[in-house]
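# Remarks on the overall topology
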Amino acid sequence: MSETIRIVLVDDDPLVRAGLTMMLGGHSGIDVVAEAANGREGADLIARERPHVALMDIRMPVMDGLAAVREIAASGSATRVIVLTTFDTDDMVLTALRDGAAGFLLKDTPPADLVDAVRRVARGEPMLSPSVTNRLIAAATSTHAPSAGSREVVASLTEREHEVAAAVARGLSNAEIAAELFIGVATVKTHIGHLFTKFAAENRVQLARRVHDAGVR
């Protein structure tokens, strides 16, 4: 996006809101325009402010985050909601995504990764925390054998691309992949760009699923 990304924060903990405001507001192209302490206030603020992205906690008084996500989605709002929580049960993740959330991140997400997630979601990409991605992919593909086409793609990978692909399938972030393979983050991004092309993937979650489905380990 070329315009400033406008964000609404919805969390019942004022310290969390303050920390997010300080962290996100320090980046160019991002503006925290409003805060809410519960889902009811959050849904009303989003309807009024029409931000590009909202960060939404789950456990809140008056109206919880999942109910707010449902209301926001039902209203036809263009705001893309990222659920940001300490709770990551499979039921919560699947419910949030089914009800219209564009992302599901844990509150221990590193600041740089959270900023990157906000930018990606604002561009229309879905985003999940690595641990969440790994579980959902494993559950979705555990009974699938690699197809002939996916085997051909795997055979075309360089040794380094294979290593990066395996790390993506495990849900690692770019920084974690760089540290594990002793290469730069920019190099990781270059390899992932090649993997997007080879696996015909449009985003990281789709790439991780296709890599896992292809049997890359």
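Here, the structure is the one placed above.
A brief report on the enclosed structure follows. (Residues numbered from 1 in each chain as written. Predicted model: local features only at pLDDT ≥ 70, side-chain atom pairs only at ≥ 80, totals over all residues. Heavy atoms only, no water.)

## What about the overall build of the protein chain?
Looking only at helices and strands, the protein chain has 11 helices and 6 strands in total. Counting every position in the protein chain, which comprises 217 residues, the buried fraction comes to 46%. Accessible area for the protein chain stands at about 10,400 Å²; split by element, carbon and sulfur atoms hold 54% of it. (Helix = DSSP H or I, 4+ residues; strand = E, 2+ residues; numbered from the N terminus. Buried < 20%, exposed > 50% of the residue type's maximum accessible area, 1.4 Å probe, protein only. Areas by Shrake-Rupley, 256 points an atom, 1.4 Å probe, with all protein chains shown as cover.)

## A few points about the layout of surface pockets
Here the largest pocket is characterised by a volume of approximately 510 Å³. Of the residues assigned to the lining of the largest pocket, the class counts are 14 nonpolar, 7 polar and 7 charged. (1 Å grid on protein atoms, 1.4 Å probe; cavity = no way out; pocket = protein on both sides within 12 Å on 5 of 7 lines; lining within 4 Å. Points joined across faces, edges and corners; volume = space filled by probe spheres on them. Nonpolar A, V, L, I, M, F, W, Y, C, P; charged D, E, K, R; others polar.)

## What to know about the sheet that holds strand β6 (residues 127-128)
Backbone-to-backbone hydrogen bonds join strands into a sheet, with any given pair of strands oriented parallel or antiparallel. With parallel pairing, the 6 strands of this open sheet are ordered in space as β2-β1-β3-β4-β5-β6. For this open sheet the edge positions go to β2 (30-36) and β6, each flanked by a neighbour on one side alone. Pairing of strand β5 (residues 103-106) with β6 involves 2 bridges; the strand directions are parallel. Looking at the pairing, G103 lines up with M127 of β6. In the packing of helix α2 (residues 39-49) onto the sheet, the strands contacted are β1 (5-10), β2 and β3 (53-56), and the crossing angle to β2 comes to about 135°. The strands touched by helix α5 (residues 111-122) are β1, β2, β3, β4 (80-85), β5 and β6; relative to β4, the strand with the most contacts, the crossing angle is about 155°. (Pairing = 2+ DSSP bridges. Contact = heavy atoms within 4.5 Å. Axes fitted to C-alpha atoms, helices over the stretch in contact; angles between N-to-C directions.)

## Notes on helix α1 (residues 14-25)
The end-to-end C-alpha separation of α1 is 16 Å, in line with the 16 Å expected for 12 residues at 1.5 Å each. Those residues of α1 not exposed but buried are R17, L20 and L24. All buried residues of α1 lie within an arc of 65° about the axis, which places them on one face of the element. Pointing more than 90 degrees away from the buried face of α1 are the exposed residues P14, L15 and M22. Close packing links the buried residues of α1 with β1, β2, β3, β4 and α5. One side-chain oxygen of the residue at the start of α1 lies 2.9 Å from the amide nitrogen of L15, identifying that residue as D13. (Expected span 1.5 Å × (residues − 1). Arc of directions from axis to C-beta. Polar contact = N/O pair within 3.5 Å; in protein donor to acceptor, adjacent residues only side chain to side chain.)

## Quick notes on the pairing of β4
A large share of β4 lies buried, amounting to 5 of its 6 residues. Here 4 bridges tie β4 to β5, and the two strands are oriented parallel to one another. Of the residues in β5, the one forming a bridge with T85 is L106.

## Topic: helix α3 (residues 65-74)
Taken as a whole, α3 has its buried residues at G65, L66, A67, A68, V69 and I72. For α3, the N-terminal cap is D64; the gap from its side-chain oxygen to the backbone nitrogen of L66 is 3.1 Å. G76 sits one or two positions beyond α3 and adopts a positive phi of about 85°.

## Quick look at the pairing of β3
For a regular strand, side-chain orientation follows a simple rule: the groups alternate between the two sheet faces. Because side chains alternate across β3, one face comprises the buried residues V53 and L55, and the other comprises A54 and M56, equally buried. Across 4 bridges, the pairing between β1 and β3 is parallel. Across the sheet, V8 pairs through a bridge with A54, a residue of β3. Strand direction decides the pairing type here: β3 and β4, joined by 4 bridges, are parallel. Bridge pairing links L55 to I82 in β4. Considered for its hand, the β-α-β crossover made up of β3, α3 and β4 is right-handed. (Right-handed = clockwise from strand over helix to strand, strands pointing away.)

## A word on the environment of T109
Relative to the helices and strands, T109 is located in the loop between β5 and α5. Beyond its immediate sequence surroundings of up to four residues, T109 is in contact with L114 and S129. From its side chain, T109 meets the backbone oxygen of L106 in a polar contact 2.6 Å long.

## Examining the packing of helix α9 (residues 174-181) against helix α10 (residues 185-198)
Relative placement of two packed helices is described by the angle separating their axes and the distance separating the axes. Contact geometry for α9 and α10: axes closest at 8 Å, N-to-C directions at 110°. As far as their axial angle goes, α10 and α9 are roughly perpendicular. For the pair formed by α9 and α10, the contact residues are N174, A175, I177 and A178 on the first element and V185, V188, K189 and I192 on the second. Of the residues in the contact of α9 with α10, the class split is 6 nonpolar, 1 polar and 1 charged. (Parallel < 35°, antiparallel > 145°, perpendicular 65-115°, else oblique.)

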